[in-house]
Amino acid sequence: MKVMRAEQLGGPEMLTLAEVPDPVPGPGETLVDVEAAGLNFADIERLKGSYLPPELPFIPGSEIVGRTVDGRRVLAFAARAYATKALVKDAVEIPEELPAGAALALLVQGLTAWHLVRTAARIAPGESVVVNAAAGGVGHLAVQLAKEFGAGRVIGTASTAEKRDLVLGLGAHAAIDGAADDYAERVIEANGGAPVDVVLDAVGGPVFDAALYALAPFGRLITYGTSGGTNPAPLDPGLLSERNIAVGGYWLGAHLRLPGSTAAAALTELIELTTSGQLRPMTGGEYELGQAGLALADLAARRTVGKIILRN
């Protein structure tokens, strides 16, 4: 089979096309012909060795759409996904009409958004929700799912007017600038003068700090990343207790390792919502397998919008 692999750690330019023996399925594994593989920022960090440093040679990737020997079209997590074949365990069958890019957007990004709304924040019907970085891979799905699951008002933050228009097009009731300065004031104004019940944050740093002051009593702030590049200030427990607010975190990787993970059920619901048109994953460019280095470079430089994939 063909793979894109790196003999040493570094940037996307380390990836080269190679031929290696087909993998042999072990107990509970299925060999799949890969139709397309999804790209994630984690692939870039692993290639650099800054996140879960890999063994060399390294074949990146963690998610595929493909076809089993018996002809089923499936969506699954799969190590060494930048390849023409991959081994999978818990595959979910998907309809032929579901585009590969849309399907792949439902794995890491979709499951994260689903669990942020359902599991981590436990958003109740009628509650007000702010999604920071609402035009991003997880954010644009969280906006739609929060509304789908009964949030009374959904506010998205984004850095440009173009992105804010996109967020409004996804169904948000309001879209505002997500900068840290005067963040809480803008959120409260967008919520009709009242603090909000939930903030979902992947930015971190001073935006996280400011979000604490946008919360209503018994509000929840859920962090799932620090894309802003800086960590928040240390939390003062007194601030939490005197205002009856809670701070939590979410990481899909740890959740999937728990016994009895609800990933399959959540993924099935996401697929149903997408095929019915109730959920609209943003899809971006498609690259050939041999262009994996270019695809990762474009992703790292933020030259892409939506889920980008490698197609075989």
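Residues numbered from 1 in each chain as written. Predicted model: local features only at pLDDT ≥ 70, side-chain atom pairs only at ≥ 80, totals over all residues. Heavy atoms only, no water.

**Examining helix α5 (residues 183–190)**
Move 1: Every buried residue belonging to α5 is among Y183, A184, V187 and A190, and all of these are buried. Across the axial projection of α5, the buried residues extend over an arc of 130 degrees, all falling on one side. Seen from the open side of α5, the exposed residues pointing more than 90 degrees away from its buried face are E185 and E189.
Move 2: Against the buried residues of α5 lie β8 (128–131), β9 (153–158), β10 (174–177), β11 (196–201) and α6 (205–211).
Move 3: Just downstream of α5, G192 is the residue with a positive phi angle, here 75 degrees. (Buried < 20%, exposed > 50% of the residue type's maximum accessible area, 1.4 Å probe, protein only. Helix = DSSP H or I, 4+ residues; strand = E, 2+ residues; numbered from the N terminus. Arc of directions from axis to C-beta. Contact = heavy atoms within 4.5 Å.)

**Focus on the packing of helix α2 (residues 100–120) against helix α9 (residues 263–275)**
Move 1: It is the contact of α2 with α9, at a shortest axis distance of 10 Å, that shows an interaxial angle of 105 degrees. It follows that α2 is roughly perpendicular to α9 by the angle criterion. Packed against α2, whose contacting residues are L106, L107, G110, L111, W114, H115 and R118, the element α9 presents A263, A266, L267, E269, L270, I271 and T274 at the interface.
Move 2: Classifying every residue of the contact of α2 with α9 gives nine nonpolar, three polar and two charged. (Axes fitted to C-alpha atoms, helices over the stretch in contact; angles between N-to-C directions. Parallel < 35°, antiparallel > 145°, perpendicular 65-115°, else oblique. Nonpolar A, V, L, I, M, F, W, Y, C, P; charged D, E, K, R; others polar.)

**Some remarks on the nonpolar core**
Move 1: Core analysis: the largest hydrophobic core is formed by 52 residues, its most contacted members being L75, L145, L200 and L267.
Move 2: Discounting residues that sit within four places of it in the chain, L200 has contacts with L116, V117, A121, V129, V130, V131, N132, A142, I222 and Y224.
Move 3: Among the nonpolar cores identified, the runner-up in size contains 22 residues, and V3, V20, F58 and A295 belong to it. (Core = buried A, V, L, I, M, F, W, Y, C linked by side-chain atoms within 4.5 Å.)

**A few points about helix α3 (residues 139–148)**
Move 1: Of all the 10 residues making up α3, eight are buried; the element is thus mostly covered by neighbouring parts of the structure.
Move 2: Every buried residue belonging to α3 is among G139, H140, L141, A142, V143, Q144, L145 and A146, and all of these are buried.
Move 3: Tucked inside the fold, the buried residues of α3 contact α2, β8, β9, β11 and α9.
Move 4: Directly after α3, the chain includes G150, whose backbone phi takes a positive value near 110 degrees.

**Description of the environment of N312**
Move 1: Its place among the elements puts N312 in the segment after β15 (307–311).
Move 2: If we ignore the near neighbours within four places in the chain, the residues touching N312 are V34, E35, A83, T84 and L289.
Move 3: A distance of 2.9 Å separates a polar side-chain atom of N312 from the backbone oxygen of V34. (Polar contact = N/O pair within 3.5 Å; in protein donor to acceptor, adjacent residues only side chain to side chain.)

**Here's the deal with the pairing of strand β14 (residues 283–288)**
Move 1: Judged from the four bridges that link them, β14 and β15 form a sheet pairing that is parallel. Looking across to β15, one finds that E288 is bridged to R311.
Move 2: The β-α-β motif built from β14, the intervening helix α10 (residues 292–300) and the parallel element β15 has right-handed crossover chirality. (Pairing = 2+ DSSP bridges. Right-handed = clockwise from strand over helix to strand, strands pointing away.)

**Structural notes on the environment of P217**
Move 1: With respect to the element layout, P217 can be found in strand β12 (residues 215–223).
Move 2: Take P217: its relative accessible area is 57%, and that puts it in the exposed class.
Move 3: In the structure, P217 is positioned 55 residues away from E162 in sequence and 33 Å away in space, judged by C-alpha atoms.
Move 4: Among residues more than four places away in sequence, those in contact with P217 are R243 and N244.

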